[in-house]
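What follows is each chain in one-letter form.
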Amino acid sequence: PSPPGDVARMTTPKSEPVSVGLVGCGWIAEIAHLPTLLRSRAGRLVAAADADPGRRSWLAGRAPGVRIHDELEALLEDPAVAAIVVALPTALHAEVACRAFAAGKHVFVEKPIALSQDEGRRVVTAWRQAGTTGAIGYNFRRNPIVEAARQTLASGQLGELVAIQGSFHWAADRIEGWRAQPGMGGGVLLDLVSHHVDLVSALSGANIVQVQCTLR
């Protein structure tokens, strides 16, 4: 690394957008990933994959010029794709993330990364072996309100942090598909409470040591 005094004299070259491949063209891709990628100057959607012909047709109508595959392997073998966004049901996160890391890609995987600790460890091991960038989609910690709260807590102006209480309000009229099946990663625990666990860490600056949960 350069000495601190050299930082002011360094210039950052303008980098090209990262070429992104989207795995999964479902609901979260429709409301979040596709709109974000289409307006991003840092990332550029170049390819996608989905097993559902209806969703492939939907994406083709909204992202002309994007190469659309019906199999994951074709996307992972695409040399133009540098990074993968995994936007699939939770039960598929670990396998696809590991395969993407093995292919040498940078990986953004929707939260949570897996259904179990063992699967989660597999993803972390694959990331370390790949040496590429990995990220998890806990987007609420990037909300300006949460970031402002974190800064306020860190400043100490509120005194000692004793407890954090949160609630999650889901606006859907009904829960359908995999989100209604805990075995697929649906249900309140993995789908929603995982955000709260992440926010406790983000707000407090502390690592989570233990989690206890009661469902009814």
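Before reading on, note that the structure itself is shown above.
Residues numbered from 1 in each chain as written. Predicted model: local features only at pLDDT ≥ 70, side-chain atom pairs only at ≥ 80, totals over all residues. Heavy atoms only, no water.

Trainee: Talk me through the packing of aromatic side chains; I want residue IDs and the actual numbers.
Mentor: Within the structure shown, the criterion is met by one aromatic pair. Aromatic pair Phe140 and Phe168: ring centres 5.8 Å apart, planes at 85°, arrangement edge-to-face. Of the two residues, Phe140 sits in the loop between strand S6 (134-136) and helix H6 (144-155) while Phe168 sits in the loop between H6 and helix H7 (188-204), which places them 28 residues apart along the sequence. Judged by its relative accessible area of 29%, Phe168 falls in the partly exposed class. Cation over ring: Arg55 sits above Trp58, and NZ or CZ is 4.4 Å from the ring centre. (Phe/Tyr/Trp six-rings, centres within 6.5 Å; stacked < 30°, edge-to-face > 60°. Helix = DSSP H or I, 4+ residues; strand = E, 2+ residues; numbered from the N terminus. Buried < 20%, exposed > 50% of the residue type's maximum accessible area, 1.4 Å probe, protein only. Lys NZ or Arg CZ within 6 Å of the ring centre and 35° of its normal.)

Trainee: Quick one: what's the story with a nonpolar patch on the surface, residue by residue and with numbers?
Mentor: A surface patch of nonpolar side chains, about 370 Å² in accessible area, is lined by Leu161, Ile164, Val200, Ile208 and Val211. Mapped onto the fold, Val211 is located in the segment after H7. Take Val211: its relative accessible area is 53%, and that puts it in the exposed class. (Patch = residues over 30% accessible without salt bridge, like charges linked within 9 Å, V, L, I, M, F, W, Y side chains within 5 Å. Areas by Shrake-Rupley, 256 points an atom, 1.4 Å probe, with all protein chains shown as cover. Salt bridge = Lys/Arg side-chain N within 4 Å of Asp/Glu carboxyl O.)

Trainee: Any details on the pairing of strand S5 (residues 106-109)? Residues and values, ideally.
Mentor: For a regular strand, side-chain orientation follows a simple rule: the groups alternate between the two sheet faces. Residue alternation in S5 divides its side chains into a buried set, Val107 and Val109, and an unburied set, His106 and Phe108. Where strand S4 (residues 83-86) meets S5, four bridges bridge the pair, whose relative direction is parallel. Along S5, the bridge assignment pairs Val85 with Phe108. Traced from S4 through helix H4 (residues 93-102) to S5, the parallel crossover comes out right-handed. One ladder, built from three bridges, connects S5 with S6; its direction is parallel. When the sheet's bridge partners are listed, Val107 is paired in S6 with Gly134. A crossover links S5 with its parallel partner S6, the connecting element being helix H5 (residues 117-130), and its sense is right-handed. (Pairing = 2+ DSSP bridges. Right-handed = clockwise from strand over helix to strand, strands pointing away.)

Trainee: Tell me about H6, residues and numbers included.
Mentor: An α-helix turns once every 3.6 residues. As a result, residues three or four positions apart point the same way. Taking 1.5 Å per residue as the helical rise, H6 with its 12 residues ought to reach 16 Å, and the 16 Å between its terminal C-alpha atoms agrees with that figure. Of the residues that open H6, the one with a side-chain oxygen 2.8 Å from the backbone nitrogen of Ile145 is Asn143. Once H6 ends, the next one or two residues include Gly156, with phi positive near 85°. (Expected span 1.5 Å × (residues − 1). Polar contact = N/O pair within 3.5 Å; in protein donor to acceptor, adjacent residues only side chain to side chain.)

Trainee: So what about the sheet that holds S4? Which residues, and what values?
Mentor: Adjacent strands of a sheet pair through backbone hydrogen bonds, lying either parallel or antiparallel. With respect to topology, six strands assemble into an open sheet ordered S3-S2-S1-S4-S5-S6, the strand pairing being parallel. In this open sheet, the two edge strands, each paired with only one partner strand, are strand S3 (67-69) and S6. Going across the sheet, the axis of each strand differs from the next one's by a mean of 25°, ignoring polarity. Pairing geometry for strand S1 (residues 18-23) and S4, over four bridges, is parallel. Looking across to S4, one finds that Gly21 is bridged to Ile84. (Axes fitted to C-alpha atoms, helices over the stretch in contact; angles between N-to-C directions.)

Trainee: Go over the packing of H6 against H7 with me, naming the residues and quoting the values.
Mentor: Look at H6 against H7: their axes get within 8 Å of each other, and the N-to-C directions meet at 45°. Viewed along their axes, H6 and H7 adopt a mutual orientation that is oblique. Here H6 contributes Val146, Ala149, Arg150 and Leu153 to the contact with H7, which in turn contributes Leu199, Ala202 and Leu203. Along the lines of polarity and charge, the residues of the contact of H6 with H7 split into six nonpolar, no polar and one charged. (Parallel < 35°, antiparallel > 145°, perpendicular 65-115°, else oblique. Contact = heavy atoms within 4.5 Å. Nonpolar A, V, L, I, M, F, W, Y, C, P; charged D, E, K, R; others polar.)

Just geometry here; none of it tells us what the structure is for.
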